[in-house]
Amino acid sequence: MRALTVQPGVSGSARLEQVAEPALTDGALLVQAIAVGICGTDVDIVRGEYGWAPDGRQRLILGHESIGRVLEAPPDSGFAPGDLVVGIVRRPDPLPCAYCAQGEWDMCRNGAYTERGIKSLDGYASERFRLEPAYAVRVENALGTLGVLLEPTSVVAKAWEHAERIGQRSDAWRPRSVLITGAGPIGLLAALLGRLRGLDVHVFDRVTRGPKPMLVAELGATYHAATLPSVERLAPDMIFECTGAPAVVADVLTRSAPSGIVCLAGVSSGGRTVPLDLGDLNRRMVLENDVVFGSVNANRRHYEQAAGALARADHAWLGRLITRQVPLDRWADAFERHEDDVKVVLRMEEA
Ligand code: BGC
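Keep in mind it's a predicted model, so treat the numbers as computed, not measured.

Visitor: Lay out the pairing of strand 3 (residues 29-38) in plain terms, naming residues and giving numbers.
Guide: In terms of residue burial, strand 3 counts as a mostly covered element, since ten of its ten residues are buried. Note: strand 3 against strand 10 (residues 128-131), four bridges, orientation antiparallel. Pairing of V31 across the sheet is with F129, part of strand 10. In this sheet, strand 5 (residues 65-72) lies alongside strand 3 in antiparallel orientation, the contact comprising seven bridges. Looking across to strand 5, one finds that A33 is bridged to G68. Across four bridges, strand 3 lies against strand 19 (residues 343-347) in antiparallel orientation. Considered in strand 19, the bridge of A35 is made with R347.

Now the structure itself:
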């Protein structure tokens, strides 16, 4: 079968190649891949800046945002041929740490977790892959290819859950408004979850044209182009920072409202410095009870929350998030940035 593979650490090493059928040790479910989403992490891996091959191997099968159709499932697995499934990305560390031991591998304490398509485990960008039933999440058939949005939505569902748990430190917490920086797939899905909660949602992005302003408006949220809105006036209860751009990160850190909660969800590459008065930031955070926290990955609970959200979302809107579908044999096109891209997916099946 064909698979998109890469030698982690080596820029330009990605290629489509023939690989062996997936091993039974990968899990009892045999899945026909339908589509694989491409995100910033995949771009970093292809550039040689991130990623780890499985032990004893040089190459890794890419892909962690999946949607596939079950081909084979043991009778007692809870799955049946024809089911649409998404593979969970992370596997717990082998020790396991206290978090991984309770299925909260997204909070792994020792960094020894593994991730399909990213860290020491083959990913889902192969025509067929295998999954352990415990790491497969069923999505409703009506979602079809849109199920490929489940993994990024799970990451956002976790960020929302944690922000809300932090908010509940005060019995008086009644969130009304949220600011999201960055209208990429993560920012837009964060906005969707905010609207599903009935909140006043504001999205900031530097672009003034293309599909993003309309996607935000269609959600019933407010789009702020080019300049960050007056955070003081907006006084958002929560800020989700989804750009990872140091200047934007510095802005949201210093401009959150009193008792504000800032979730950092965008991964920066590092190496760029911006001026920051840390003493002033500390003073403000202490005197205002501000919280800043990071959020990555998702556990099974978050995938289920995400599946519920996608089922309730307008499927036509979700479809517009996927701005390009690239056939597997033209995979390199999926890694080229087009101006109007929001989410680009690789089509794993012949049309
Ligand atoms: C994935 C996460 C993963 C993270 C770090 C993200 O792109 O969505 O599941 O934990 O990269 O490897």
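Visitor: Provide a residue-level description of the packing of helix 3 (residues 150-167) against helix 9 (residues 300-312), including the pertinent values.
Guide: Two packed helices can be described by the angle between their axes and the distance between those axes. Where helix 3 contacts helix 9, the axes come no closer than 8 Å and their chain directions differ by 105°. Taken together, the axes of helix 3 and helix 9 lie roughly perpendicular to each other. In contact with L150, E151, T153, S154, A157, K158, E161, H162 and R165 of helix 3, helix 9 contributes R301, H302, Y303, Q305, A306, A307 and L310. Broken down by class, the residue content of the contact of helix 3 with helix 9 amounts to six nonpolar, five polar and five charged.

Visitor: Describe empty space enclosed by the protein, listing the residues and the values that go with them.
Guide: In this structure the tally under the stated criterion is one cavity of 30 Å³ or more. Counted as a void, the largest cavity has a volume near 50 Å³. Broken down by secondary-structure element, the contributors of at least two residues to the lining of the largest cavity are helix 3 and helix 4 (185-196). Top element by residues in the lining of the largest cavity is helix 3. It accounts for three residues.

Visitor: I'd love a proper account of helix 7 (residues 246-255), names of residues and values included.
Guide: Turning to helix 7, its buried residues are P246, V248, V249, A250, V252 and L253. Those residues of helix 7 that are buried are in contact with strand 12 (177-181), strand 13 (200-205), strand 15 (238-241), strand 16 (261-264), helix 8 (278-288) and strand 17 (291-294).

Visitor: Just give me the short version of the site of the ligand, but keep the residues and values in it.
Guide: In the region of the ligand, the neighbouring residues are C39, T41, Y50, H64, V89, R90, E115, I118, E151, V155, V296 and N297. E115 is positioned with one of its side-chain polar atoms (N or O) 2.5 Å from an oxygen atom of the ligand. At 2.8 Å, a side-chain N or O of N297 approaches an oxygen atom of the ligand. The protein chains hide 87% of the 310 Å² of surface that the ligand would expose on its own.

Visitor: Give a description of the pattern of salt bridges that names residues and reports values.
Guide: Taken as a whole and judged by the stated rule, the model has 23 salt bridges. Across the salt bridge formed by D205 and K212, the nearest N and O atoms sit 3.7 Å from each other. You can call K212 buried: its relative accessible area is 12%. Shared partners join several salt bridges into a network, and the residues in it are E104, E161, R165 and R301.

Visitor: An account of the side chain of Q32 is needed here, citing residue identities and associated values.
Guide: By secondary structure assignment, the location of Q32 is in strand 3. Using a relative accessible area of 15% as the deciding quantity, one classes Q32 as buried. Among all residues touching Q32, those that are not within four sequence positions of it are G68, R69, L71, E127, R128 and E349.

What counts as what
Residues numbered from 1 in each chain as written. Predicted model: local features only at pLDDT ≥ 70, side-chain atom pairs only at ≥ 80, totals over all residues. Heavy atoms only, no water. Buried < 20%, exposed > 50% of the residue type's maximum accessible area, 1.4 Å probe, protein only. Helix = DSSP H or I, 4+ residues; strand = E, 2+ residues; numbered from the N terminus. Pairing = 2+ DSSP bridges. Axes fitted to C-alpha atoms, helices over the stretch in contact; angles between N-to-C directions. Parallel < 35°, antiparallel > 145°, perpendicular 65-115°, else oblique. Contact = heavy atoms within 4.5 Å. Nonpolar A, V, L, I, M, F, W, Y, C, P; charged D, E, K, R; others polar. 1 Å grid on protein atoms, 1.4 Å probe; cavity = no way out; pocket = protein on both sides within 12 Å on 5 of 7 lines; lining within 4 Å. Points joined across faces, edges and corners; volume = space filled by probe spheres on them. Near = heavy atom within 4 Å. Polar contact = N/O pair within 3.5 Å; in protein donor to acceptor, adjacent residues only side chain to side chain. Areas by Shrake-Rupley, 256 points an atom, 1.4 Å probe, with all protein chains shown as cover. Salt bridge = Lys/Arg side-chain N within 4 Å of Asp/Glu carboxyl O.

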